[in-house]
Amino acid sequence: MKTAVTLCRVAEAAAGPFVFHDELPIGFAKAKQHGFDAVELFLPSAHEVSVAEIKQLQEQHGLLIAAVGTGAGMVKHGLTLTDADPAIRQKALEFILELVDFGGQLDAPAILGSMQGRSSAAVPHETALSYLANALKVISARAVEHNVKFIYEPLNRYETNLFNRSSDATAFLVKHQLDNVTLLADFFHMNIEEASMEQALAENIAHIGHIHFADSNRRAMGFGHSDYKPLLLLLHQLGYAGYLSAEILPLPTADEAAAQFIQSTIL
Ligand code: LER
Ligand code: MN
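Student: Sorry if this is basic, but what is going on with the site of ligand 1 here?
Tutor: The immediate surroundings of ligand 1 are formed by Gly113, Ser114, Glu153, Leu155, Glu159, Asp186, His189, His212, Arg218 and Glu247. One of the side-chain N or O atoms of Asp186 is found 3.0 Å from an oxygen atom in ligand 1. In the model, an oxygen atom of ligand 1 is placed 2.6 Å from a nitrogen or oxygen of the Glu247 side chain. Protein chains bury 88% of the 260 Å² of accessible surface belonging to ligand 1 in isolation. Residues belonging to the shell around ligand 1 are distributed by class as follows: 1 nonpolar, 4 polar and 5 charged.

Structure representation (structure tokens):
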């Protein structure tokens, strides 16, 4: 398993579960200093910083890009793939495709989290799911062109009503033959939604491509009440070889959260 830490440059997400909010040269330096293998980027759009600039920082610090988040499309621009307005859905799709192209040039998959949106009185559940499936087909085909996966993230009930549990999301991906889409297992959301973390991980491991390794209170593992060592051991036994990414609150400080996170990933 590899480790990654979130670098957030989205002002609207300043209070979000991201470790470093500094300018990227500082964020990359801190990631390296703490011993992470990679960074997970949360940027305002695909146009905030050039691919060349990211490559230069990667080379300077010897870091991989684990993934690129798309959530700014939602928190900054209010875009989701399941909006009632087709023009907004189209803008959401284009926003994500640009980030797939951006990440693809860095060998990194993009993540669909909050931009999945939710069903509502205006958009019935089955309609929202068909919007999601159709968008995932287009996005996943674009990811194939870059030889990267695309990552779909089930969220807890307060953030979406589309998919809250891993097994339901897996069934949806299988049903729609979305073979190039992997699941993100965010332990914070799973803590709220899964009956058993162990069972959810074991049942869906073949589809899990990325992990947000967060404790029950969304702090670094060890700073909440998750019994995380058995989960880490289970992931090892299941042969999970992807990232454990620190999408966690920067508490008590960003540096302490980062240091604790790295400690918590040692078996
Ligand atoms: C949101 O709660 C989350 O977990 C992110 O990874 C998705 O934007
Ligand atoms: Mn997450």
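After that view, the rundown keeps rolling.
Student: Help me out: how do you make sense of the environment of Ala206 in this one?
Tutor: Along the chain, Ala206 falls in the loop between α8 (197-204) and β7 (208-212). For the pair Ala206 and Ala67, spaced 139 residues apart in the sequence, the C-alpha separation amounts to 19 Å.

Student: Is there a simple way to explain the pairing of strand β1 (residues 2-8) in this structure?
Tutor: Walk down a regular strand and you will see the side chains alternate between the two sheet faces. For β1, the buried fraction is high: 6 of the 7 residues fall into the buried class. Strand direction decides the pairing type here: β1 and strand β8 (residues 243-246), joined by 4 bridges, are parallel. By the bridge assignment, Val5 is partnered in β8 with Ala246. Two elements, β1 and strand β2 (residues 38-42), share 5 bridges in a ladder whose sense is parallel. Considered in β2, the bridge of Thr6 is made with Glu40. Viewed along the sheet, the connection from β1 through helix α1 (residues 24-34) into β2 turns out right-handed.

Cut-offs used in this document
Residues numbered from 1 in each chain as written. Chains lettered and ligands numbered in written order. Predicted model: local features only at pLDDT ≥ 70, side-chain atom pairs only at ≥ 80, totals over all residues. Heavy atoms only, no water. Near = heavy atom within 4 Å. Polar contact = N/O pair within 3.5 Å; in protein donor to acceptor, adjacent residues only side chain to side chain. Areas by Shrake-Rupley, 256 points an atom, 1.4 Å probe, with all protein chains shown as cover. Nonpolar A, V, L, I, M, F, W, Y, C, P; charged D, E, K, R; others polar. Helix = DSSP H or I, 4+ residues; strand = E, 2+ residues; numbered from the N terminus. Buried < 20%, exposed > 50% of the residue type's maximum accessible area, 1.4 Å probe, protein only. Pairing = 2+ DSSP bridges. Right-handed = clockwise from strand over helix to strand, strands pointing away.

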